[in-house]
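# Overview (structure and organization)
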Amino acid sequence: MAAARRSVIPGFGLTMGFTLTYLSLIVLIPLSTLFIKTATISPAQFWATISSPRVIAAFELSLSASFAGAAINAVFGLVVAWSLVRYEFPGKQLIDALVDLPFALPTSVAGITLTTLYAENGWIGSWLTPLGLKVTYAPLGIIVALTFIGLPFVVRTIEPVLQDLDAELEEAAATLGAGRIQTFARVIAPTLAPAMLTGFVLAFARGLGEYGSVVFISGNLPFKTEIVPLLIMSKLEQFDYAGATAIAVVMLVLSFTLFFTINTLQRVSALRLAP
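Residues numbered from 1 in each chain as written. Predicted model: local features only at pLDDT ≥ 70, side-chain atom pairs only at ≥ 80, totals over all residues. Heavy atoms only, no water.

So, about the overall build of the protein. Along its length, the protein carries 13 helices and zero strands. Put simply, the protein runs from its N terminus to its C terminus through helices and strands in the order α-α-α-α-α-α-α-α-α-α-α-α-α. When the backbone C-alpha atoms are referred to their principal axes, the protein occupies close to 65 × 65 × 30 Å. Within the span of the protein, comprising 275 residues, buried residues form 35% of the whole. Residue pairs at least 24 apart in sequence account for 75% of intrachain contacts in the protein once pairs closer than 6 positions are excluded. Just so you have it, the protein exposes about 16,700 Å², and 70% of that area is on carbon and sulfur atoms. Charged side chains of the protein number 15 positive and 15 negative; the gap between the two group centres comes to 7 Å. (Helix = DSSP H or I, 4+ residues; strand = E, 2+ residues; numbered from the N terminus. Buried < 20%, exposed > 50% of the residue type's maximum accessible area, 1.4 Å probe, protein only. Contact = heavy atoms within 4.5 Å. Areas by Shrake-Rupley, 256 points an atom, 1.4 Å probe, with all protein chains shown as cover. Lys, Arg positive; Asp, Glu negative; His and termini not counted. Charge placed at Lys NZ, Arg CZ, Asp CG, Glu CD.)

So, about the packing of aromatic side chains. For the coordinates displayed, the defined rule picks out six aromatic pairs. Look at F67 and F200: their rings are 5.4 Å apart centre to centre, the planes differ by 80°, and that puts the pair in the edge-to-face class. Placement of the pair is F67 in helix α3 (residues 53-86) and F200 in helix α10 (residues 180-208), with a sequence separation of 133 residues. When the ring of F67 is compared with that of F204, the centres are 6.4 Å apart and the planes differ by 80°; the resulting orientation is edge-to-face. (Phe/Tyr/Trp six-rings, centres within 6.5 Å; stacked < 30°, edge-to-face > 60°.)

This next bit is on a nonpolar patch on the surface. Together, Y22, L23, L25, I26, V27, L28, I29 and L31 give the surface a local cluster of nonpolar side chains, amounting to about 750 Å² of exposed area. Following the sequence through the fold, I29 ends up in helix α1 (residues 12-38). (Patch = residues over 30% accessible without salt bridge, like charges linked within 9 Å, V, L, I, M, F, W, Y side chains within 5 Å. Salt bridge = Lys/Arg side-chain N within 4 Å of Asp/Glu carboxyl O.)

Turning to α3, a few remarks are in order. Taking 1.5 Å of rise per residue, 34 residues should cover 50 Å, and α3 covers 49 Å from first to last C-alpha, within 8% of that figure. Along α3, the sharpest kink reaches roughly 30°, centred on A74. (Expected span 1.5 Å × (residues − 1). Bend = angle between axes of the 7 residues up to and from the residue.)

Right, let's get into the side chain of S62. Residue placement: S62 occurs in helix α3. Accessibility expressed as a relative area gives 3% for S62, which makes it buried. With residues near it in sequence (within four places) discarded, S62 still touches L208, I227, V228 and P229.

What follows covers the nonpolar core. Core analysis: the biggest nonpolar cluster contains 33 residues, and F59, I158, L162, L192, V228, I232 and I247 have the highest contact counts within it. No other element matches α3, which puts nine residues into this core. Apart from residues no more than four positions distant in its own chain, I232 is found in contact with A244, I247 and A248. Formed by 15 residues, the second largest nonpolar core is a distinct cluster that contains L61, V135, I217 and I227. (Core = buried A, V, L, I, M, F, W, Y, C linked by side-chain atoms within 4.5 Å.)

The residue Y137 is not glycine, and still its phi comes out positive at about 60°. Along the polypeptide, Y137 turns up in the loop between α7 (125-128) and α8 (139-164). Residues other than glycine seldom take positive phi values, yet N220 does so here, at roughly 55°.

Glancing now at the pattern of salt bridges. If you walk through the whole model with that rule in mind, you get eight salt bridges. The closest approach of N and O atoms between R206 and E210, which form a salt bridge, is 2.4 Å. Residue classification places R206 among the partly exposed residues on the basis of a relative accessible area of 29%. A relative accessible area of 1% places E210 in the buried class. Where salt bridges share partners, they join D96, D100, R156 and E159 into one cluster.

It is worth spelling out the packing of α3 against helix α12 (residues 228-237) at this point. It is the contact of α3 with α12, at a shortest axis distance of 8 Å, that shows an interaxial angle of 145°. Contact residues: α3 offers R54, V55, A58, F59 and S62, while α12 offers V228, P229, L231 and S234. (Axes fitted to C-alpha atoms, helices over the stretch in contact; angles between N-to-C directions.)

Bringing the packing of α3 against α8 into the picture now. Look at α3 against α8: their axes get within 5 Å of each other, and the N-to-C directions meet at 40°. Comparing their axes, α8 and α3 come out oblique. α8 is crossed by α3, and the crossing has right-handed handedness. (Parallel < 35°, antiparallel > 145°, perpendicular 65-115°, else oblique. Left-handed = near helix turned anticlockwise from the far one by under 90°.)

In this model, the protein carries a mean pLDDT of 86, and residues with pLDDT of at least 70 account for 93%. Mean pLDDT values for the elements of the protein range from 72 in helix α9 (residues 167-175) up to 93 in α3. (pLDDT = per-residue confidence, 0-100.)

Looking now at the environment of P106. Relative to the helices and strands, P106 is located in the loop between α5 (101-104) and α6 (107-118). Note: C-alpha distance between P106 and S213 (107 residues apart in sequence) is 8.3 Å.

Now the structure itself:
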């Protein structure tokens, strides 16, 4: 009989026990308190809270702004990742480090900086205002902030796939007479699609929960520039804890659905590509 395969990490039972314990303490138990607190109100009160005009307006703004920021990053994040992987140029290491800056920079600092830059008298805002583009205290400012914080998710998701992409496939396509657009559409894009979708969803979900970088640039105007996290904070300040958790539960279910869907799509895609 073949010898039992040994693993450096302890057996399944022990590792799974540690995994479930860790996830319970860090994720499941804290999140379960949202549902417990929300259960203190009746279904009618829950529906009245999440379906009020102010909450609906905040959800619409959060979803649309997060989608717009993630879509912008899906396009330009691909360009940034392509440049960093495929080309050598002076200052490459600096640009590579700048991509991760939104990870390290406190979001409140990012919000203050963006507000200063894009204000009507700011370095960038002073050029945009004569063109009729108002960024600060407007939905456009929220999109700018969410694009800023979401860029690393897209770039860092696409980079490993680009690094593993065999250049010989592109050369073979060129040899067979394919142009650059055909090569990208038929050879590169299908390989990058799962990574781009993952990066898009990560940036989208991150934007849904963003608070610090938006609180300054948005102006927090109900029905105009108030996003869901700001509305939750407003209810907490009013000691409406059940109302705040009710809205948070909807956001939690939405985010979990997004991640569950993308994980399912990745598994299906991996099975189809498997030999």
